[in-house]
Amino acid sequence: MKAFIIDRYGSKGGGRIGQVAEPEVRTDDVLVQIHAASVNVLDSKIRKGEFKLILPYRLPLVLGNDVAGVVVRVGANVRGFKPGDEVYARPDQDRIGTFAELIAVKESALALKPSNLSMEEAASIPLVGLTAWQVLVETAKLKRGQKVLIHAGSGGVGTIAIQLAKHFGAFVATTTSTSNIDWVKALGADIVIDYRKQHFEDALHGYDVVLNSLGNDVLGKSLRVLKPGGKLISISGPPSPEFAVEQGLSWPLKQVIRLLSYRIRKKAKQQGISYSFVFMRASGDQLREIGSLIDSGAIKPVIDRVYSLDSTADALAYVENGRSKGKVIVKVKQP
Ligand SMILES: NC(=O)c1ccc[n+]([C@@H]2O[C@H](COP(=O)([O-])OP(=O)(O)OC[C@H]3O[C@@H](n4cnc5c(N)ncnc54)[C@H](OP(=O)(O)O)[C@@H]3O)[C@@H](O)[C@H]2O)c1
C-alpha cells in the first residue's frame, strides 16, 4: 500500500511517499481503509526524533496519528465494529501510521464517526479532541463557572478546547494574534488576548485552570494568572515525574524528567498551584463522548487546509510554520 514513510530521524524535513506492506490485523484489531488523516505537531516532533527516547519506533516508520475511514475487516475478538462502519480514531501511540491507505487499529481506540461530519472533518478531531478532554475533563475536572485560560486558541488543540470548556459552562479566555481574534471569539471565547499587543499575565487574574501549549516563558507567566488552588496543565512540557512513571521510563530518564520540570513544579508549589503534564492517550470511549457533543452541535471541527497523500510533506511543512488555524488534513482517498 501507499504511505508517507520516514527512513531516519532528522530536522531537515525528511520523508517520502513509497510502498509498504499492508498492516497485520491482530485479534483485537480493526482494519480501516483510510479516507482522511490529520497532521499534528506530534508528527513533526516524531520526524525530528524528539520522541525517540519516549516512543522508540522501529524505522522505517509510517507517520500519522489521526484517522477517519471505513472498516474493511475485523479481528476474531472484535465485537463493536463490522465491515462498512465509518469510524475515527487516534491509534495507540505504538501503532501509528495514518498517512497511508490502511491501518490496523485496536478496537479500544476506535469509535463510530459522528454522522454529521465528513471524513476530513472527522479526521481533524481525535488527537486534539482527546487532548482537550484529558486536560479539561480528566485532569482539571472543570466545573461550571470556573475560569480557564486556553493558550493558542486558534491552534488545533485550542479550537476544540475552547468549545469543550464552554460546553462545560466555564468562562474562557484565550490568546491568539490579531487576524484570528474574530473567529476565535465566535468559537465561544469570552476574552481573547492579542498576544502581539497585550501581556496576558497583566490582563487575566484569579483563574482556576490554564491549558498551556506554548513554551517555557508562557508557562512561567501563566502562574500569575492562576489563583491559589489553581491548576497549571501543560501539554508542551516540561514533562512531570508522574508522566515518567506512566510511560514506564528507565530510572535515568526518570531523573532527567524530574530535573526538567523541577523549577516550574517548585514555583507552582510556592503559590499553592498544582502543575501537571498531560501526554494524551488513545481512547475509543472518550471519542464516543466527544462524538455525542459533535452530534449535538456543541463542538465543530475547524479546518484550515486539505492536502493529498502525495503532498504530505507539504502538509507537515505548513504545520511546522506554527500559523495553522485549526487543523490541517491529509485526504488519502480521492473520489
Ligand atoms: N501532550 C500532548 O498530549 C499534546 C497533544 C496535542 C498537542 N500537543 C502540543 O501542543 C502544542 C500545540 O499543538 P496544536 O496542535 O494546537 O498546534 P498548532 O495547531 O500548530 O498551533 C498553531 C497556532 O498556535 C498559535 N500560536 C503560536 N504562537 C502563539 C503564542 N505565542 N500565543 C498564542 N498563540 C500562538 C498560532 O496563532 P497565530 O498564527 O495567531 O500566532 C496558531 O494558530 C504543540 O507543541 C503540540 O506538540 C501536545
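Residues numbered from 1 in each chain as written. Predicted model: local features only at pLDDT ≥ 70, side-chain atom pairs only at ≥ 80, totals over all residues. Heavy atoms only, no water.

A. Inspection of the overall build of the protein chain at higher detail. Helix and strand content of the protein chain: 12 helices and 16 strands. Here the protein chain has a C-alpha radius of gyration of 19 Å; the compact-globule value for 335 residues is 20 Å, and the two agree. Taking the principal axes of its C-alpha atoms as reference, the protein chain extends roughly 55 × 45 × 40 Å. Going through the 335 residues of the protein chain one by one, you find that 53% of them count as buried. (Helix = DSSP H or I, 4+ residues; strand = E, 2+ residues; numbered from the N terminus. Rg over C-alpha atoms; globule rule 2.2 N^0.38 Å. Buried < 20%, exposed > 50% of the residue type's maximum accessible area, 1.4 Å probe, protein only.)

B. Focus on the site of the ligand. Around the ligand sit 23 residues, and of these Ser154, Ser177, Tyr195, Met280 and Ser324 come closest. Between the ligand and Arg323 there is a distance of 2.7 Å, counted from an oxygen atom to a side-chain nitrogen or oxygen. Expressed as a share of its isolated accessible area of 940 Å², the protein-covered part of the ligand is 86%. Where the shell around the ligand is concerned, the elements lending two or more residues are α1 (41-48), α3 (126-139), α4 (156-167) and β10 (171-176). When grouped by side-chain class, the residues that make up the shell around the ligand number 10 nonpolar, 11 polar and 2 charged. Both domains that meet at the shell around the ligand, namely domain 1 (2-124 + 302-331) and domain 2 (128-277), each give it at least three residues. (Near = heavy atom within 4 Å. Polar contact = N/O pair within 3.5 Å; in protein donor to acceptor, adjacent residues only side chain to side chain. Areas by Shrake-Rupley, 256 points an atom, 1.4 Å probe, with all protein chains shown as cover. Nonpolar A, V, L, I, M, F, W, Y, C, P; charged D, E, K, R; others polar. Domains from an automatic or database assignment.)

C. Seen up close, the packing of aromatic side chains. One pass over the structure, following the stated rule, counts 6 aromatic pairs. Between the aromatic rings of Phe243 and Phe279, the centroid separation amounts to 5.4 Å while the plane-to-plane angle is 75°, which identifies the pairing as edge-to-face. With Phe243 in helix α8 (residues 241-246) and Phe279 in the loop between β14 (274-277) and α11 (284-295), this pair connects stretches of sequence that are 36 residues apart. When sorted by exposure, Phe243 lands in the same class as Phe279, which is buried. Three or more aromatic residues joined by ring pairs make a cluster, and in this case those are Phe51, Phe243, Phe277 and Phe279. Across from the ring centre of Tyr318, 3.9 Å away, lies the NZ or CZ of Arg305, which sits over that ring. (Phe/Tyr/Trp six-rings, centres within 6.5 Å; stacked < 30°, edge-to-face > 60°. Lys NZ or Arg CZ within 6 Å of the ring centre and 35° of its normal.)

D. Local environment of the sheet that holds strand β4 (residues 61-62). Spatial strand order, β2-β1-β4: 3 strands in an open sheet with antiparallel pairing. Where the open sheet ends on each side, the last strands, each with one partner, are β2 (16-19) and β4. The pairing of strand β1 (residues 2-6) with β2 spans 4 bridges and is classified as antiparallel. Note that in β2 the partner of Phe4 across the bridge is Ile17. (Pairing = 2+ DSSP bridges.)

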